[in-house]
Amino acid sequence: MKTAVVIAFHGSRRTPPDGPEIELVARQVRSLYPDLPVYYGALQFSAPSIADAVASAVTAGARRVAVVPLFLFSGEHVQVDIPAELDRLRERFPGVEITFGRHIGADPRLAQILVDRAKEVAAGLGVCV
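Now for a look at the structure at hand. (Residues numbered from 1 in each chain as written. Predicted model: local features only at pLDDT ≥ 70, side-chain atom pairs only at ≥ 80, totals over all residues. Heavy atoms only, no water.)

1. Focus on the sheet that holds strand β3 (residues 64-69)
1) Next: On the basis of which strands lie adjacent, the open sheet formed by 4 strands has the order β2-β1-β3-β4 and parallel pairing. Among the strands making up the open sheet, the edge pair consists of β2 (38-42) and β4 (97-100). Adjacent strand axes in the sheet meet at a mean angle of 25°, parallel and antiparallel pairs treated alike.
2) Next: Sheet strands touched by helix α1 (residues 20-32): β1 (3-9) and β2. Its angle to β2, the strand with the most contacts, is close to 155°.
3) Next: Where helix α3 (residues 76-92) meets the sheet, it contacts β1, β3 and β4, and its direction lies at approximately 175° from that of β4. (Pairing = 2+ DSSP bridges. Helix = DSSP H or I, 4+ residues; strand = E, 2+ residues; numbered from the N terminus. Axes fitted to C-alpha atoms, helices over the stretch in contact; angles between N-to-C directions. Contact = heavy atoms within 4.5 Å.)

This is how it looks when you write it as structure tokens:
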């Protein structure tokens, strides 16, 4: 059974519809798992939408779609909005298993990224962290 991943992101009124950052994240995931089809879709404001991304995966033959939220915290979008969208997509594609992964949350790798960013800012100010 063919599996695909859809990276679900928020979307923004200020970035281009197919903003380069989300495409870069998708390419990075593809480079780690070259045999895994990876798509991305916005909850709002940007294109493609989550529904469009899932539809693309299904059209390409996926029968399992793992939707992974690129959200730091488990707020309204992660707890309510995206699950509601996925329920609609399960009705639209009854033969497809659509699952929803965990948000990023308090992952220790995030702490390291924050320290790295603090060091970058501090270095720009001539301060050691």
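Picking up where we left off.
2. Quick look at the environment of R88
1) Next: Within the fold, R88 resides in helix α3.
2) Next: For R88, a relative accessible area of 49% translates into the label partly exposed.
3) Next: On a C-alpha basis, the gap between R88 and Y40 in space is 18 Å, while along the polypeptide they are 48 residues apart.
4) Next: Engagement of the side chain of R88 in a polar contact is seen with the side chain of E85, the distance being 2.7 Å. (Buried < 20%, exposed > 50% of the residue type's maximum accessible area, 1.4 Å probe, protein only. Polar contact = N/O pair within 3.5 Å; in protein donor to acceptor, adjacent residues only side chain to side chain.)

3. Comments concerning the environment of L72
1) Next: In this fold, L72 is placed in the loop between β3 and α3.
2) Next: Taking the C-alpha atoms as reference, L72 lies 24 Å from A122; in sequence the two are 50 residues apart.
3) Next: Look past the residues within four positions of L72 in its chain and what remains in contact with it is H103, I104, G105 and L110.

4. Brief notes about the side chain of S46
1) Next: Residue position: S46 is located in the loop between β2 and α2 (50-59).
2) Next: Look at S46 and you get buried, because its relative accessible area is 11%.
3) Next: Here the side chain of S46 touches S12 through a polar contact of 3.0 Å, landing on its backbone nitrogen.

5. Focus: the pairing of β3
1) Next: Going residue by residue along β3, you find V65, V67 and P69 tucked away on one face and R64, A66 and V68 left uncovered on the opposite face.
2) Next: Bridging between β1 and β3 involves 6 bridges; their strand directions are parallel. Counted as the bridge partner of A4 is V65 from β3.
3) Next: Looking at chain direction, β3 and β4 are connected through 4 bridges and run parallel. Counted as the bridge partner of V65 is I98 from β4.

6. Here's the deal with the environment of S56
1) Next: Mapped onto the fold, S56 is located in helix α2.
2) Next: In this structure the C-alpha to C-alpha distance between S56 and F45, which are 11 residues apart in sequence, comes to 19 Å.

7. Quick word on the packing of α2 against α3
For any two helices packed against each other, one specifies the inter-axial angle together with the distance between the axes.
1) Next: Look at α2 against α3: their axes get within 10 Å of each other, and the N-to-C directions meet at 35°. For the element pair α2 and α3, the recorded crossing hand is right-handed. Together, I50, A51, V54 and A55 of α2 and I82, E85, L86, L89 and R92 of α3 make up the contact between the two elements. (Left-handed = near helix turned anticlockwise from the far one by under 90°.)

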